[in-house]
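If you want the building blocks of each chain, they are given just below.
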Amino acid sequence: KSAVASKFIMIAILREIKLVVNTHARAILIAVLCVTLWAIVYHEAIYSAAKVWWVSEIYSHGFFILPIVGYLIWRKRQQLAIHTPHPGYWAIPPLFISSPLYIVGVAGDISLFQHAAVFSILPLSIWLIFGSRISKLILFPLVFILFSIPFGEEFIPILQEITADISVWMLKMI
């Protein structure tokens, strides 16, 4: 009797393992398809951002962001494998904000809006696919994607002024 019970327990465990593996494989496949679809749908904005990264030394770090994000997520693969992916429906409202931002950016030919929307849609899509629990594990890489957005050059003179003011104030303190 115990051999039959052990056999049923082993079959149940193997089914559970197969379900988990299938769930993870399905989620990874969906994520790869999502990133591919993202690259196809938003290729013009991605190309536009890549041109800015190529031309401007200030934004050339943009080429390294997505490979670094991939590496940071890869490093967490063992922790991620423990959790079962579930859709994160809380990502839908921010996606509804990013999508019109992209449309406004295209209609008004505003690159900043296009880039902000495109590079926020990617982490939000990952959140939607994998859910909140898994997204919390890879929160830093998902937020790090936003550093791909080429903006802020107009702040350089203001920041230089602030730095000079602080330096003068600190020198007067000495």
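As the structure is a computational prediction, the values presented were derived from the model and not from experiment.

The rules behind the values
- Residues numbered from 1 in each chain as written.
- Predicted model: local features only at pLDDT ≥ 70, side-chain atom pairs only at ≥ 80, totals over all residues.
- Heavy atoms only, no water.
- Helix = DSSP H or I, 4+ residues; strand = E, 2+ residues; numbered from the N terminus.
- Buried < 20%, exposed > 50% of the residue type's maximum accessible area, 1.4 Å probe, protein only.
- Contact = heavy atoms within 4.5 Å.
- Areas by Shrake-Rupley, 256 points an atom, 1.4 Å probe, with all protein chains shown as cover.
- Core = buried A, V, L, I, M, F, W, Y, C linked by side-chain atoms within 4.5 Å.
- 1 Å grid on protein atoms, 1.4 Å probe; cavity = no way out; pocket = protein on both sides within 12 Å on 5 of 7 lines; lining within 4 Å.
- Points joined across faces, edges and corners; volume = space filled by probe spheres on them.
- Nonpolar A, V, L, I, M, F, W, Y, C, P; charged D, E, K, R; others polar.
- Axes fitted to C-alpha atoms, helices over the stretch in contact; angles between N-to-C directions.
- Parallel < 35°, antiparallel > 145°, perpendicular 65-115°, else oblique.
- Left-handed = near helix turned anticlockwise from the far one by under 90°.
- pLDDT = per-residue confidence, 0-100.

### Observations regarding the overall build of the protein
Along the backbone of the protein there are 8 helices and 0 strands. Within the protein, buried positions represent 30% of all 174 residues. Considering only contacts in the protein between residues 6 or more positions apart, those separated by 24 or more positions represent 77%. Split by element, the accessible area of the protein, about 12,300 Å² in all, is 73% carbon and sulfur.

### A look at the nonpolar core
One finds W38, Y42, V118, F119 and F130 to be the most contacted residues of the largest nonpolar core, which totals 31 residues. Of all the secondary structure elements, the ones that give two or more residues to this core are helix 1 (2–41), helix 2 (43–55), helix 3 (62–75), helix 5 (92–107), helix 6 (111–137) and helix 7 (139–144). Counting residues per element, this core draws most heavily on helix 6, at 11 residues. Sequence-distant contacts of W38, that is, excluding residues within four places in its chain, are made with I46, L66, V118, F119, I121 and L122.

### A look at the environment of L137
Secondary-structure assignment places L137 in helix 6. When the C-alpha positions of L137 and K76 are compared, they lie 7.8 Å apart, and in sequence the two are 61 residues distant. In this view, L137 contacts K76, Q79, L80 and H83; residues no more than four positions away in its chain are not counted.

### Describing the layout of surface pockets
By volume, the largest pocket is sized at about 630 Å³. Surrounding the largest pocket, 22 residues form its lining, I28, A31, I73, L80 and F130 being those nearest its centre. Of all the elements in the fold, those that place two or more residues in the lining of the largest pocket are helix 1, helix 3, helix 4 (77–82) and helix 6. At 6 residues, helix 1 tops the list of elements feeding residues into the lining of the largest pocket. Classifying every residue of the lining of the largest pocket by side-chain character gives 18 nonpolar, 3 polar and 1 charged. In this structure, the second largest pocket encloses a volume near 230 Å³. S120, P123, L124, W127, S132, S135, K136, L139, L142, V143 and L146 together form the lining of the second largest pocket.

### As for the packing of helix 5 against helix 6
Axis angle and axis distance: for two packed helices, these are the angle between their axes and the distance between the axes, and together they describe the pair. Contact pair helix 5 / helix 6: the axes reach a minimum separation of 8 Å and the direction vectors enclose 155°. By the angle between their directions, the pair helix 5 and helix 6 is classed as roughly antiparallel. Two packed elements cross with a definite hand, and for helix 5 against helix 6 that hand is left-handed. Contact residues: helix 5 offers I92, P94, L95, S98, S99, L101, Y102, V104, G105 and V106, while helix 6 offers F113, Q114, A116, A117, V118, S120, I121, L124, S125, W127 and L128. Considered class by class, the residues forming the contact of helix 5 with helix 6 number 15 nonpolar, 6 polar and no charged.

### Quick word on the confidence of the model for the protein
Overall, the prediction assigns the protein a mean pLDDT of 86, with 86% of residues at 70 or greater. Of all the helices and strands in the protein, helix 1 carries the lowest mean pLDDT, 68, while helix 7 carries the highest, 96.

### Thoughts on unusual backbone geometry
At D109, a position not held by glycine, the phi torsion is positive, near 55°. Mapped onto the elements, D109 comes out in the loop between helix 5 and helix 6.

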